[in-house]
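Secondary and tertiary structure notes
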Amino acid sequence: MMIEHKIRQFFELLYLLVQKELKVRYKSSVLGYLWALANPFAFALVYYIAFKIIMRVQMPNYSIFLLAGMFPWVWMSNSLIQATSSYKNNASLVKKVNLNRAVLPLSNVAHEMVHFFFALPVLAIFIKFAGGDFFLSWVWQIPLMLLLQLFLVYPIALILALANVYVHDVEYLIGIFLSLLFFMTPIVYPITMVPESYRVYFEWSPVYSLITNWRDVLLNGNLDPETYLLAGLMAFTLGGLAAVFYRKASLRMGELL
Amino acid sequence: MSPIIECRDVFKRYGKSARGIKELLVGKRRPVESRYARDWALQDVSFEVERGSAFGIVGHNGTGKSTLLALLLGTIQPDQGVIRCNGKVASLLELGAGFHAELTGRENIFLYGSILGMTFAELRQKLDSIIAFSELGAAIENPLRTYSSGMAARLGFSVIIHTDADILLIDEVLAVGDSRFKKKCRQYLHDFKARQGTLVIVSHEMETLEEMCDVGMCMDMGKIAHQGGIEDVIAHHTSLMKLNDQTMESTK
């Protein structure tokens, strides 16, 4: 009864926090929903100009190749950046209210996930116009990918948020780390362009299998079970790590902020 | 019957860990000498509070009163000793932590109530009562940024008292809203006490403490200087303050 009450309460609070973010964004800006689309489209445009027009990368359908990788990337990087400072920005909640603190970084990841989800139809239509196709298999592939990304990104977000309470530099380092990771992940180029002997340094990362699987799903209706399960295993391990770290680190959080 | 709050041999020290990469590399700052500097924020604090009573805490600034309330609430943990609260604790430490200016009063009731641990079902059931107590009327549909600070505090107070807490922690916030609402809050706290609710009050207003509390303690530099009936505690505090003033004079 107590446990059930707590779980229900946790998800209700999560729902309200996500709803708050969405409402605030849509109330206080004229373009509202369009901003969720503007970011990934703008990034994709920049790289399209740089790689397709200036550097003349030889690749058919480069625009949708870019977009299919860019959307999940923007979800991930936005939520990690926000979550990292989530405890610091909500210091009054941490210090003055006895609430389940694990919910705060999760609300960042979840709210970016909602944006991503709402942007998917627009992305799908764009892909269709640019020569791609719709796939019936999306019905189960997209939910599976959403779950994978949620369970992969949340533990990282939680660890970063906690670490930032102890060492404030984390929120500055995360930006640098993400730009490195962006180019270490085949988003603006296919992995086949990487020399064979270097590929192993790219393929270890769970973000690699996340992005390549998203692209494969969106462009070909394909989900590679092997890399999916591998990434799932890493998400599971990260989840365990984050849980242990949270139990230790959250005890002293109230006095460090 | 066992006391509702039990605090035994509590010690609390604030961490001196490095706060950033710079401090990790360059070394920590040496602590600045000041009259507030001490090893322990709280040292050997023990007290009990009976159900249905009001416990007052006095002491000069920086003596550990707020630290003690945070420990009772559970947002920080003691380094040594045991703190046991046999009931649900709510704090009036900060009214409306988590309020969002762009949301309406009604939306904020749900958000804040949920932050304080209430479920949707509870909130829906108590919504009318919360709005009624806050006396905001039709303004409840307006965004919070249009509220005066008094109105926001009234809403915060109204939500907190609907959490069904057994213990209320109060830190200098009996001054909510205008004088009429203040009176209403005081009346509420008296009723709360009469219903076997427990109050822990930190205040610099001796009249408030005398009016509300039965027992209490006076703190000095993280230690309990005196514990007992509220009149004695206040008398002790007054003499301590005088002593403090004298030493300040003489060191000038």
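Anything mentioned here points back to the structure above.
For clarity, every value in this text was computed on a predicted model and none was experimentally measured. (Residues numbered from 1 in each chain as written. Chains lettered and ligands numbered in written order. Predicted model: local features only at pLDDT ≥ 70, side-chain atom pairs only at ≥ 80, totals over all residues. Heavy atoms only, no water.)

Description of the overall build of chain A
Secondary structure summary: chain A contains 12 helices and zero strands in total. Listing every helix and strand of chain A by position from the N terminus yields α-α-α-α-α-α-α-α-α-α-α-α. The C-alpha radius of gyration computed for chain A amounts to 19 Å, which stays within 12% of the reference 18 Å derived for 257 residues, consistent with globular compactness. Structurally, chain A occupies a C-alpha span of about 55 × 45 × 35 Å along its principal axes. (Helix = DSSP H or I, 4+ residues; strand = E, 2+ residues; numbered from the N terminus. Rg over C-alpha atoms; globule rule 2.2 N^0.38 Å.)

Some words on helix α5 (residues 149-160) of chain B
Note on helix geometry: an α-helix contains 3.6 residues per turn, so any two residues three or four positions apart are oriented the same way. Residue and element names in this part refer to chain B. Here α5 is 12 residues long and its end C-alpha atoms lie 16 Å apart, about the 16 Å a rise of 1.5 Å per residue gives. Of all 12 residues in α5, nine are buried, a share of seventy percent or more. Along α5, the residues that are buried comprise Ala152, Ala153, Arg154, Leu155, Gly156, Phe157, Ser158, Val159 and Ile160. Contact partners of the buried residues in α5: β5 (89-91), α3 (105-115), α4 (120-134), β6 (167-171) and α6 (179-194). (Expected span 1.5 Å × (residues − 1). Buried < 20%, exposed > 50% of the residue type's maximum accessible area, 1.4 Å probe, protein only. Contact = heavy atoms within 4.5 Å.)

So, the pairing of strand β8 (residues 215-220) of chain B
Residues and elements named next belong to chain B. Examined bridge by bridge, strand β3 (residues 54-58) and β8 share four bridges and lie parallel to one another. Its bridge partner lying in β8, Gly56 is registered against Gly216. As consecutive antiparallel partners, β8 and strand β9 (residues 223-229) are separated by two residues, and within that stretch Met221 has a phi angle of approximately 50 degrees, a positive value. (Pairing = 2+ DSSP bridges.)

So, the sheet that holds strand β4 (residues 80-85) of chain B
All names here are of chain B. With antiparallel pairing, three strands are arranged side by side in an open sheet as β2-β1-β4. Each of the sheet's edge strands pairs with one partner strand only, and the pair in question is β2 (42-49) and β4. Averaged over all neighbouring strand pairs, the angle between strand axes comes to 15 degrees, with direction disregarded. Two elements, strand β1 (residues 5-12) and β2, share five bridges in a ladder whose sense is antiparallel. In the sheet register, Glu6 faces β2, and the bridge partner there is Glu48. Strand contacts of helix α2 (residues 65-73): β1, β2 and β4, with the helix running at about 60 degrees to β2, the strand carrying the most contacts. (Axes fitted to C-alpha atoms, helices over the stretch in contact; angles between N-to-C directions.)

A few points about the packing of aromatic side chains
Evaluated as defined, the whole model comprises 27 aromatic pairs over all chains. Between Phe133(B) and Tyr188(B) the ring centres are 5.9 Å apart and the planes differ by 75 degrees, which places this aromatic pair in the edge-to-face class. Remark: Tyr188(B) occurs in helix α6 and Phe133(B) occurs in helix α4; sequence separation between them is 55 residues. The buried category is assigned to Phe133(B), whose relative accessible area is 15%. Here Tyr188(B) falls in the buried class, since its relative accessible area comes to 13%. Through pairs of rings, three or more aromatic residues link up here, namely Tyr47(A), Phe51(A), Trp73(A), Phe182(A) and Phe183(A). One residue, Arg13(B), lies across the ring of Trp40(B), its end atom 4.3 Å from the ring centre. Above the face of the Phe181(B) ring, Arg154(B) is positioned so that its terminal group lies 5.4 Å from the ring centre. (Phe/Tyr/Trp six-rings, centres within 6.5 Å; stacked < 30°, edge-to-face > 60°. Lys NZ or Arg CZ within 6 Å of the ring centre and 35° of its normal.)

Overview of the packing of helix α3 (residues 62-84) of chain A against helix α8 (residues 170-184) of chain A
All names here are of chain A. Viewed as axis vectors pointing N to C, α3 and α8 meet at an angle of 165 degrees, and their least axial separation amounts to 9 Å. When the axis of α3 is compared with that of α8, the two are roughly antiparallel. Seen along the crossing, α3 lies across α8 with a hand that is right-handed. On α8, the residues touching Met70, Trp73, Met76, Ser77, Leu80, Ile81 and Thr84 of α3 are Val170, Glu171, Ile174, Leu178, Leu181 and Phe182. (Parallel < 35°, antiparallel > 145°, perpendicular 65-115°, else oblique. Left-handed = near helix turned anticlockwise from the far one by under 90°.)

Digging into helix α11 (residues 225-249) of chain A
Residue and element names in this part refer to chain A. Counted at 1.5 Å a residue, the expected span for α11 with its 25 residues is 36 Å, and the 35 Å between its end C-alpha atoms agrees. Three or more residues of α11 are buried, namely Tyr228, Ala231, Ala235, Ala242, Tyr246 and Ala249. Here the buried face of α11 lies against α4 (86-89), α7 (138-166), α10 (206-220) and α12 (253-256).

Details of the sheet that holds β5(B)
All names here are of chain B. Ordered by their spatial adjacency, six strands build an open sheet running β5-β6-β7-β3-β8-β9, and the pairing between neighbours is mixed. Each of the sheet's edge strands pairs with one partner strand only, and the pair in question is β5 and β9. Neighbour-to-neighbour, the strand axes of the sheet open up by a mean angle of 15 degrees, direction not taken into account. Taken together, the three bridges between β5 and β6 define a ladder with parallel strand orientation.

Some points on the nonpolar core
Trp73(A), Tyr87(A), Val188(A), Trp214(A), Ile109(B), Leu168(B) and Leu199(B) are the most contacted members of the largest nonpolar core, which has 137 residues in total. Examining the composition of this core, we find that 15 residues originate from one element, α7(A), more than from any other. Aside from chain neighbours lying at most four places away, what touches Tyr87(A) is Val94(A), Arg101(A), Ala102(A), Leu104(A), Pro105(A), Leu158(A), Ala161(A), Leu162(A), Val165(A), Tyr246(A), Met253(A) and Leu257(A). One finds Ile5(B), Phe47(B), Val49(B) and Val200(B) within the second-largest nonpolar core, a separate group that totals 24 residues. (Core = buried A, V, L, I, M, F, W, Y, C linked by side-chain atoms within 4.5 Å.)

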